[in-house]
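Fold and geometry: a report
So the chains spell out like this:
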Amino acid sequence: MTTTATAPGLLRDTVETVPSFVQGSWWTPPAGSHDSAVPVRDASTGEILARVSAEGLDLGAAIEYGRTTGQAGLGQLTFHQRALRLKELANYLNARREEFYAVSARSGATRIDSMIDIDGGIGVLFTFGSKGRRELPNAQVVVDGPVEVLSRDGSFVGEHIYTRIPGVAVQINAFNFPVWGMLEKLAPAFLAGVPTIVKPATPTGYVAAAVVGAIIESNLLPEGSLQLVSGSVPGLLDVLDYRDLVAFTGSAATARTLKAHPNVVHGGLRFTAETDSLNAAILGPDAVAGTPEFDAFIQSVVTEMTAKAGQKCTAIRRAIVPREQVHAVVSAIGARLEQRVVLGDPRAQGVTMGALASVDQLTDVRAAVQSMLDAGGELAYGTLDPPSVTSMDGGTGVTDGGAFMSPVLLSWADAEAEQVHSIEAFGPVCSVLAYRDIPDAVRLAARGGGSLVATVCTNDAAVATALLAGIAAHHGRVLLLNREDARSSTGHGSPVPHLVHGGPGRAGGGEELGGIRSVLHHMQRTALQGSPNMLTTVTGVWHAGADRNFTLDTEGTHPFQKSLETLRIGDAVQSGLRRVTLEDITAFAQSTGDTFYAHTNQAAAEANPFFPGIVAHGYLLLSWAAGLFVDPAPGPVLANYGLENLRFLTPVAAGDSIRVTLTAKRITPRETDEYGEVAWDAVLTNQKDETVATYDVLTLVQK
Ligand code: NAP
């Protein structure tokens, strides 16, 4: 293997082969094989920036290194420790953004485009850095859902757990988001504990390589948790098997080829795809010119046509508008484009829309538009001729070598034309289509065959409800825009890490992001059966029916006096019985103002199908329970921050008694604080040992 000792040279402004980072070292093809390397050019000037080749790279060894070294390194960290690394990495990359913007500008990206890609990617790291610590246990196994009792005596129970897959996550990315595309997949894989192998698209892989260089320099990720393959690797899936996962983003054509690979079809290799998408924006009949919804619609369409020069999988390709609004929409979009777009080299002052990523890309988009024109589309704005642009030195004119294209708006006399619903022109291109009524709008949107996202602009709740009912199942995300959220919305084109990104059908059927959901996609769900004691031991979470340690009896210590270090799951305390009187219930009703008839009116309470007569307030019982289990002396328990899963199961009447049993169920030390969370299983029972209420008490406890 040939290795280079340094990170990608592009950060140092020299023309080199973009290196891969495999098996812990930077790698470029052996001398002599550079001739086959693909040249990559500056999108605005055509100047050769770098060459890309993975010829001679030992993919099998890289995968094996991930499965062994990468798995081992990540396996030493809990979810919280991994989440913390993501946060530290986000901070580190944040401080180096200017370097990345400079590299990204070479791909035709304006500063705002670069921010969408780079800051957007760093934002995903921040989100998972925080969600991982808030929503996952400080452990390596996720226990999912409630316990199912599978035997009469409770000695055999079952539940679901998630553990990380044992292989690598191979992430094949599209050219348009070299950084966001990489980080939005790396973050959930890393949090799950699965090593990543990034395979960026050749045309902009140098941007991803620059960021990977910085990540490696940060020294924050365990060895083997991230590898980079720069250059085309048609044999990549040959070396993967059922232990691994491929998360693909790119064209539907490539997805089809990869999905048919024998290791996917026969070998059980996990494969998900995010592919192209003919996203729609629908203007409601109420949103006529002059309304805030009309303005939001025009603004969304223009933003999506021009941001990243329209090279966004989420861009609006079809603006679906009421027949009588077509003219107003076309002229408003045209006017805004005229006003907003300054086309040129993104490094020049005042430029608002940059070049496409490559001349090949430009050729493809022009050809796609030509096919649409041939099929009946009409140019309502823009041209296919080479546009006049601002060059880096500030001059204007038509340039050679740059991949510039004017924004193009098409109108269609026939909204049924097949091509407008099937051709994705992956550039600054959008079509305006007329609809007759709401069912017609739904039908046209659905003709995209499954899309990533649709925006609906309306302030009429009935219109929004009808459109949503029709289009939701055809889309991965729906944005409802009206005057209330138009300004605060994150926009049509921006997936957010908290919510699912992906769509059915043509969009690939994949599902990325969506918070912890996407972490679980990197883990195997396993049904686990056994005794409560065994499940308690293997999951680290106390299960009802497992042994308890009543620490007052065995250690002479109330569990509230045990610090996080000494507290063990199963440590418990049980109170004596306390009798409830009618006076207690009446006093509670009077002091709280909760004089609901079931607590105050014997005849009305008796008529209620659930109560024997006047019953105690559930909240009275909870308050009493706290009084029964609490240890009043100052100690390591700092605060009670809530209750979870509260259920009242058996009413308590005057004359009944209650007792509480409190058991340490889940202990979650925090990585960065001197305390952690303890969830206590609380069970209230009556004098007949019937269960009155169950819930979890959430406390903060000092380490
Ligand atoms: P592409 O040509 O399909 O390439 C996508 C990736 O697949 C590239 O990294 C490419 O590497 C790789 N690849 C191609 N053949 C391969 C093989 N046999 N084995 C392994 N990897 C292989 O797509 P693109 O032109 O980069 O991206 C544009 C498309 O992506 C558009 O259709 C857009 O809608 C879609 N997209 C979708 C999303 C989404 O989230 N749904 C996001 C962004 C883009 P090389 O470049 O080295 O060939």
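Residue numbers restart at each chain and count upward from 1, following the sequence in its written direction. Side-chain atom pairs in this predicted model are given and counted only at pLDDT of 80 or more, local residue features only at pLDDT of at least 70, and totals for whole chains, interfaces and linings cover all residues. Values shown for side chains rest on all heavy atoms present in the structure; no hydrogens or waters enter the calculation.

Attention now moves to the packing of helix H12 (residues 438–446) against helix H13 (residues 461–471). In this description, a line fitted to the C-alpha atoms serves as the axis of each element, helices being fitted only across the stretch in contact, and the angle between N-to-C directions of two axes falls anywhere from 0 to 180 degrees. Strands are runs of DSSP state E lasting at least two residues, helices are runs of H or I lasting at least four, and both sets are numbered from the N terminus onward. At their nearest, the axes of H12 and H13 sit 9 Å apart, and the two run at 35° to each other. Once H12 is placed against H13, the crossing between them reads as right-handed. Seen from H12, the contacting residues are Ile438, Ala441, Val442 and Ala445; seen from H13, they are Val463, Ala466, Leu467, Gly470 and Ile471. Of the residues assigned to the contact of H12 with H13, the class counts are 8 nonpolar, 1 polar and no charged. Here a crossing is taken to be left-handed if its near helix is turned anticlockwise relative to the far helix by less than a right angle, and right-handed if that turn runs clockwise. The contact criterion used is simple: two residues touch if any of their non-hydrogen atoms lie within 4.5 Å. Residues are sorted three ways: Asp, Glu, Lys and Arg are charged, Ala, Val, Leu, Ile, Met, Phe, Trp, Tyr, Cys and Pro are nonpolar, and all the rest, Gly among them, are polar.

Side chains carrying opposite charge are able to pair once their charged atoms draw close together. We define a salt bridge as a contact between a side-chain nitrogen of Lys or Arg and a carboxyl oxygen of Asp or Glu at a distance within 4 Å. Counted by the stated rule, this structure contains 24 salt bridges. Across the pair Glu64 and Arg67 runs a salt bridge whose closest N-O atoms are separated by 3.1 Å. Pair noted here: Glu64 and Arg67 are both in helix H1 (residues 59–75), with a separation of 3 residues, about one helical turn. Under the relative-accessibility criterion, Glu64 is labelled partly exposed at 37%. We call a residue buried when its accessible area falls under 20% of the maximum for its residue type, exposed when it is over 50%, and partly exposed in between, using a 1.4 Å probe and counting protein chains only.

Glancing now at the domain arrangement of the protein. Along its sequence, the protein is carved into domain 1 (56–274), domain 2 (281–493) and domain 3 (548–702). Taking only C-alpha atoms into account, the centre of domain 1 sits 31 Å from that of domain 2. Taken together, the contact between domain 1 and domain 2 spans 13 residues of the former and 18 residues of the latter. In short, buried area is how much 1.4 Å probe accessible area vanishes from two parts on joining, totalled over both. Across the domain 1 to domain 2 interface the summed buried area is about 1,200 Å²; carbon plus sulfur atoms make up 63%. Two N or O atoms count as a polar contact when they lie within 3.5 Å, although within protein this holds only if one can serve as hydrogen donor and the other as acceptor, and sequence-adjacent residues are included solely when both atoms are side-chain atoms. Seen at the junction of domain 1 and domain 2, the total is 4 residue pairs in polar contact (both at pLDDT 80 or more). These domain boundaries are the output of an automatic or database domain assignment.

Our focus in this paragraph is helix H17 (residues 582–592). Along H17, the residues classified as buried are Ile585, Phe588 and Ala589. On an axial view of H17, the arc spanned by its buried residues comes to 100°, and they lie on one face. Exposed positions of H17 whose direction lies more than 90 degrees from the buried face are Glu583, Gln590 and Ser591. Taken together, the buried residues of H17 touch helix H18 (597–600) and helix H20 (618–629). Positive phi shows up at Gly593, right after H17, with a value of about 85°. The arc under discussion is defined with respect to the helix axis, by the directions toward the C-beta atoms.

As a further point, take the site of the ligand. Only heavy atoms are used to decide nearness, and a residue is near a molecule or strand if one of them lies within 4 Å of it. Within the structure, the ligand sits among 27 residues, and Asn173, Thr202, Ser251, Thr254 and Glu424 are positioned closest to it. Interatomic distance of 2.7 Å between a side-chain N/O atom of Ser251 and an oxygen atom of the ligand. Between the ligand and the protein, one listed contact pairs an oxygen atom with a side-chain N or O atom of Glu424 at 2.6 Å. Note on areas: Shrake-Rupley, 1.4 Å probe, and residue coverage restricted to the protein chains presented here. Notes on the ligand: free accessible area 920 Å², of which the protein chains cover 84%. Of all the secondary structure elements, the ones that give two or more residues to the shell around the ligand are strand S12 (245–249) and helix H7 (252–259). Residue classes in the shell around the ligand are distributed as 13 nonpolar, 10 polar and 4 charged. When we break the shell around the ligand down by domain, the ones giving at least three residues each are domain 1 (56–274) and domain 2 (281–493).

As summarised here, the arrangement of the 3 strands in space is S2-S6-S5, forming an open sheet in which the pairing is mixed. Strands with a single pairing partner mark the edges of an open sheet, and in this sheet they are strand S2 (16–17) and strand S5 (38–41). The sheet contact formed by S2 and strand S6 (residues 48–52) spans 2 bridges and is parallel. Looking at S6, one finds that Thr17 is bridged to Arg51. The criterion for strand pairing is that DSSP finds at least two bridges linking the strands in question.

What follows is about the packing of aromatic side chains. Any Phe, Tyr or Trp ring, taking Trp's six-membered ring, that has another such ring centre within 6.5 Å forms a pair; planes under 30 degrees apart are called stacked, those over 60 apart edge-to-face, and the others tilted. Across all of its chains, the model carries 8 aromatic pairs by this definition. Summarising the aromatic geometry, the rings of Phe248 and Phe271 are spaced 6.4 Å apart at their centres and angled 20° between planes, so their arrangement reads as stacked. Highlighted residues: Phe248 in strand S12 and Phe271 in strand S13 (residues 270–274), separated in sequence by 23 residues. Aromatic rings pair up to connect Phe560, Phe629 and Trp680 into one cluster. We call a charge positioned over a ring when the NZ of a Lys or the CZ of an Arg lies within 6 Å of the ring centre and within 35 degrees of the ring normal. Across the ring face of Phe177, the terminal group of Lys308 is positioned such that the distance to the ring centre comes to 4.9 Å.

This part is about the environment of Leu638. Looking at where Leu638 falls in the secondary structure, it is placed in strand S29 (residues 637–648). Taking relative accessible area as the criterion, Leu638 reaches 45% and is therefore assigned partly exposed. Sequence separation of Leu638 and Tyr695 is 57 residues, and the distance between their C-alpha atoms is 20 Å. The residues contacting Leu638, other than those within four sequence positions of it, are Tyr675, Leu700, Val701 and Gln702.

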